[in-house]
Amino acid sequence: MPVKNQYSELLKMSSPCEKLIRRDIARTYPEHEFFKGQDSLGQEVLFNVMKAYSLVDREVGYCQGSAFIVGLLLMQMPEEEAFCVFVRLMQEYRLRELFKPSMAELGLCIYQFEYLLQEQLPELNVHFRSQSFHTSMYASSWFLTLFLTFLPLPVATRIFDIFMYEGLEIIFRVGMAILQYNQTDLIQLDMEGMSQHFQKVIPHQFDSCPDKLILRAYQIKYNPKRMKKLEKEYTTIKNKEMEEQIEIKRLRTENRLLKQRIETLEKESAALADRLIQGQVTRAQEAEENYVIKRELAVVRQQCNAASESLEKAQDTIRELQQQKYTEQFVSGLQTELEQSKLREAELLGAMKEMQDKVLDLEKRSSCLPDENNMAALQEEVKQMKLRELETLRSFREMQDSVTELNQRWQQHHMSRSGSTGGGGSHWKESPKKNAMNELQDKLMSVRLREAQAQAELREVKLKAVQLESQNTIHSKLIGRHEQERSALQDRLQMLSNQNKALQAQLNEMKRKQAEWDCKSKEEVMAVRLREADSMAAMAELRQKIAELEIQKEEGLIQGQLNHSDSRQYINRLRDQITELKNEIRLLRGQKARPPGSRLSSVGANYQDLCLASPASAEGDYLSSDEDLLHSPLPSNALYPAIAGTCHPSARLDSEGSTDSEAEDRTHPDPPQLYGSMVCAEAMEN
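Residues numbered from 1 in each chain as written. Predicted model: local features only at pLDDT ≥ 70, side-chain atom pairs only at ≥ 80, totals over all residues. Heavy atoms only, no water.

A. Structural context of the overall build of the chain. Assigned secondary structure in the chain consists of 25 helices and 0 strands. Residue burial in the chain is summarised as follows: out of 686 residues, 25% are buried. Approximately 48800 Å² of the chain is accessible, and the part contributed by carbon and sulfur atoms is 55%. (Helix = DSSP H or I, 4+ residues; strand = E, 2+ residues; numbered from the N terminus. Buried < 20%, exposed > 50% of the residue type's maximum accessible area, 1.4 Å probe, protein only. Areas by Shrake-Rupley, 256 points an atom, 1.4 Å probe, with all protein chains shown as cover.)

Here it is as structure tokens:
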């Protein structure tokens, strides 16, 4: 459907931009006859076109500068044609990109215009930058309104005609021409002066000859390829800025999330710290309760032990009483003695209670009495009080004397006056001087009475002041005493706190020592257990050896009896070994060794104690052959069972004080003894 046919349909619709359009219509060409006046034809037609376009292009909607372009079109053609031309301009002349909400095309035009200014008017560009006079401050309206708000309408219409033919190129050329024409004036002005110059001077420079501006504009160098390159540079810069903004937004969101995470972690850490502190407090309380429970348990154990001991004693006494048969008289005597002892105990308890009450009463009385240090101060206070009392009595007596004297005078005066008035009333009329004198005397007496009363009141006030001073001194001394007591109590409190700290330190030290002792006791228990394990292992090894020796014994019994063919040679060797062993024993006992010639007599004397043992058997079984005896020398514990009993370590293996070999010796005869007697018989024959 053509745009021209849509116009009538669009006017029937409502636009969300109607309020904005109505607000800005009065500002569009306010001095032009066509648009002057509220609700005029020009304003109504302009509203219709702007409303229709805001409905056609909802992305752009309504922009403030577009109303001037539509107003210029409405000056030349009807509203439907103006609407169509405006739609075509927006779509094909880059105006739509200028009026978008992002205004990206306006930023590109400003960027390109700054490049032209820097390239062709560098001095003016430096001046603008030094004064912080940005390009957007004066050139934005040029691109948005195509000079329609900046230059007079005849000049602007010439520029608009060229824009319809060439596009935005004429805007760049005219802008550069205006700056080039006013360069010398602008360089000499500051920022405010330049803004005033742009508003008031430049718009009216080309009223007389618009062609002059157009000619200057076409003398400006304009390179479309360079503009395309600048457009690409600007897009890349904007893309980077967008990426940076996206990155900044991402970092801000991450930062915000991290802050929230930190806050949550801080809250969690605070909660954990609170829980840790609470746990430590509960552990300390539990440790304290444990310590109290242990103490109570120890006390209960002691009480239990004492109760068990008393119970045992009672049971012993019951047994003794059961063993001994007492008579009824003895039992009744014991009961009477018990009752008498209970009565005596009750009397003693009552007397002791009375004595305690008396002691408490005496202590209270002694605490109420002042100490020796304050007695002197109290005596001084009593003396001062007595002196003040005497002084007040003296002043009171003086006051009484003065009052009595004044009363006497007053009575005398009254008597004399009454006598004079009673003696002659006519004479009173004749002597006015005496009447005045009497009045003066009355006044004098009244004044004296008032003075006496005032003095009495003054003395009474002084007396009250003295009493108050005495009370003040008493109270100040009481305050001083209380201060002393308070300081003493503070010192005592400080001392008690120090003692408490010292006791706390001692308690901590005792706890530490107790912990160390517990650790040591645990270590000792572990060491004892390790030693027990080692001893158990050693006992197992020894029992295994005993089993092996028993097996060897059984093997020896199976092999048979000894072969007596080579017994003489074996006996001689045994004799030599016996003598050597005896010499070693004597050396150990501190005696001299006997000569080798006397060995037969010693052998004969001690043949009864001879005991042969094999290292392969721990229970003294004889070997099966002489060769086995030759290859296995006799150890020192094989001879003299008394010495072997003290030196052989296997004799104390069992906890019951006897070995397996000793148990067998009790039931069976000792084969080595039999063999020893046989050897002795053969030696005697030799």
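That was the structure; now back to the text.
B. Here's a closer look at a nonpolar patch on the surface. A cluster of nonpolar side chains, Met-385, Ile-474 and Leu-478, forms an exposed patch at the surface whose accessible area comes to about 210 Å². As for its placement among the helices and strands, Ile-474 is situated in helix 19 (residues 432-559). You can call Ile-474 partly exposed: its relative accessible area is 32%. (Patch = residues over 30% accessible without salt bridge, like charges linked within 9 Å, V, L, I, M, F, W, Y side chains within 5 Å. Salt bridge = Lys/Arg side-chain N within 4 Å of Asp/Glu carboxyl O.)

C. Structural view of unusual backbone geometry. Phi is positive for Leu-146, which is not a glycine, with a value near 55 degrees. Position of Leu-146 among the secondary structure elements: in the loop between helix 9 (136-145) and helix 10 (153-166). For Phe-147, which is not glycine, the phi dihedral falls at a positive 65 degrees. Tracing the chain through its elements places Phe-147 in the loop between helix 9 and helix 10. Judged by relative accessible area, Phe-147 falls into the buried class, the value being 0%.

D. Region of interest: helix 8 (residues 122-130). Burial in helix 8 covers these residues: Leu-124, Asn-125, His-127 and Phe-128. The arc that holds the buried residues of helix 8, viewed along the axis, is 160 degrees, so those residues lie on one side. What points out from helix 8, more than 90 degrees from its buried face, is the exposed set Glu-123, Val-126, Arg-129 and Ser-130. One or two steps after helix 8, the chain reaches Ser-132, where phi turns positive at roughly 55 degrees. (Arc of directions from axis to C-beta.)

E. Structural context of the packing of aromatic side chains. Under the defined criterion, the tally for this structure stands at 23 aromatic pairs. When the ring of Tyr-29 is compared with that of Phe-68, the centres are 5.4 Å apart and the planes differ by 75 degrees; the resulting orientation is edge-to-face. Here Tyr-29, found in the loop between helix 2 (18-25) and helix 3 (41-56), pairs with Phe-68, found in helix 4 (residues 66-76); they are 39 residues apart in sequence, far enough to count as distant. Since its relative accessible area comes to 16%, Phe-68 is described here as buried. In textbook terms, an aromatic cluster arises when at least three aromatic residues are bridged by ring pairs, as seen for Phe-113, Phe-128, Phe-133, Tyr-138, Trp-142, Phe-143, Phe-147, Phe-150, Phe-172, Phe-198 and Tyr-222. (Phe/Tyr/Trp six-rings, centres within 6.5 Å; stacked < 30°, edge-to-face > 60°.)

F. Seen up close, the packing of helix 2 against helix 3. Where helix 2 contacts helix 3, the axes come no closer than 10 Å and their chain directions differ by 145 degrees. In the crossing of helix 2 with helix 3, the sense of the turn from one axis to the other is right-handed. Every residue of helix 3 that contacts helix 2 at Glu-18, Ile-21, Arg-22 and Ile-25 is listed here: Gln-43, Glu-44, Leu-46, Phe-47, Met-50, Lys-51 and Ser-54. For the contact of helix 2 with helix 3, the per-class residue count stands at 5 nonpolar, 2 polar and 4 charged. (Axes fitted to C-alpha atoms, helices over the stretch in contact; angles between N-to-C directions. Left-handed = near helix turned anticlockwise from the far one by under 90°. Contact = heavy atoms within 4.5 Å. Nonpolar A, V, L, I, M, F, W, Y, C, P; charged D, E, K, R; others polar.)

G. Representation of the pattern of salt bridges within the structure. The tally for this structure, following the rule as stated, stands at 19 salt bridges. Taking the shortest distance from any N to any O, the salt bridge between Glu-33 and Lys-36 comes out at 3.6 Å. Its relative accessible area of 63% is what places Glu-33 among the exposed residues. The salt bridge partner of Arg-173 is Glu-169, with a shortest N-O separation of 3.0 Å. Placement of the pair is Arg-173 and Glu-169 together in helix 11 (residues 169-181), with a separation of 4 residues, close to one helical turn. Exposure remark for Arg-173: the relative accessible area of 10% places this residue in the buried category.

H. Expanded view of the side chain of Ser-66. If you trace the backbone, Ser-66 turns up in helix 4. Owing to a relative accessible area of 3%, Ser-66 belongs among the buried residues under this scheme. Polar side-chain contacts of Ser-66 include one of 2.6 Å to the backbone oxygen of Cys-63. Not counting chain neighbours up to four residues away, the residues in contact with Ser-66 comprise Met-50, Phe-86 and Phe-99. (Polar contact = N/O pair within 3.5 Å; in protein donor to acceptor, adjacent residues only side chain to side chain.)

I. How the structure looks around the confidence of the model for the chain. Taken over all residues, the pLDDT of the chain has a mean of 76, while the share at 70 or more is 76%. Under a pLDDT of 50 for its full length, residues 423-430 has, in the predicted model, 2 contacts with residues more than four places off or in other chains. Scored below 50 in pLDDT, residues 591-684 shows 114 contacts in the model against residues more than four places distant or in partner chains. (pLDDT = per-residue confidence, 0-100.)

J. Inspection of the nonpolar core at higher detail. Tyr-138, Ile-159 and Leu-179 are the most contacted members of the largest nonpolar core, which has 81 residues in total. Beyond its immediate chain neighbours, meaning those up to four positions away, Leu-179 contacts Phe-113, Leu-117, Leu-121, Leu-124, Phe-128, Tyr-138, Trp-142, Leu-186 and Phe-198. (Core = buried A, V, L, I, M, F, W, Y, C linked by side-chain atoms within 4.5 Å.)

K. How the structure looks around helix 11. Here helix 11 spans 18 Å end to end across 13 residues, near enough to the 18 Å set by a 1.5 Å rise per residue. Most of helix 11 is tucked away: 10 of the 13 residues are buried. Within the sequence span of helix 11, burial applies to Ile-170, Ile-171, Phe-172, Arg-173, Val-174, Gly-175, Met-176, Ala-177, Ile-178 and Leu-179. (Expected span 1.5 Å × (residues − 1).)

L. Up close: the packing of helix 4 against helix 10. Axis separation between helix 4 and helix 10 bottoms out at 12 Å; the angle between their running directions is 95 degrees. Considering the angle they form, helix 4 stands roughly perpendicular to helix 10. Residue-level contacts link Ile-69, Leu-72, Leu-73 and Met-75 of helix 4 to Leu-153, Thr-157 and Phe-160 of helix 10. (Parallel < 35°, antiparallel > 145°, perpendicular 65-115°, else oblique.)

M. Region of the structure containing the environment of Phe-396. Relative to the helices and strands, Phe-396 is located in helix 17 (residues 372-423). As a C-alpha pair, Phe-396 and Arg-459 span 63 residues in sequence and 8.0 Å in three-dimensional space.

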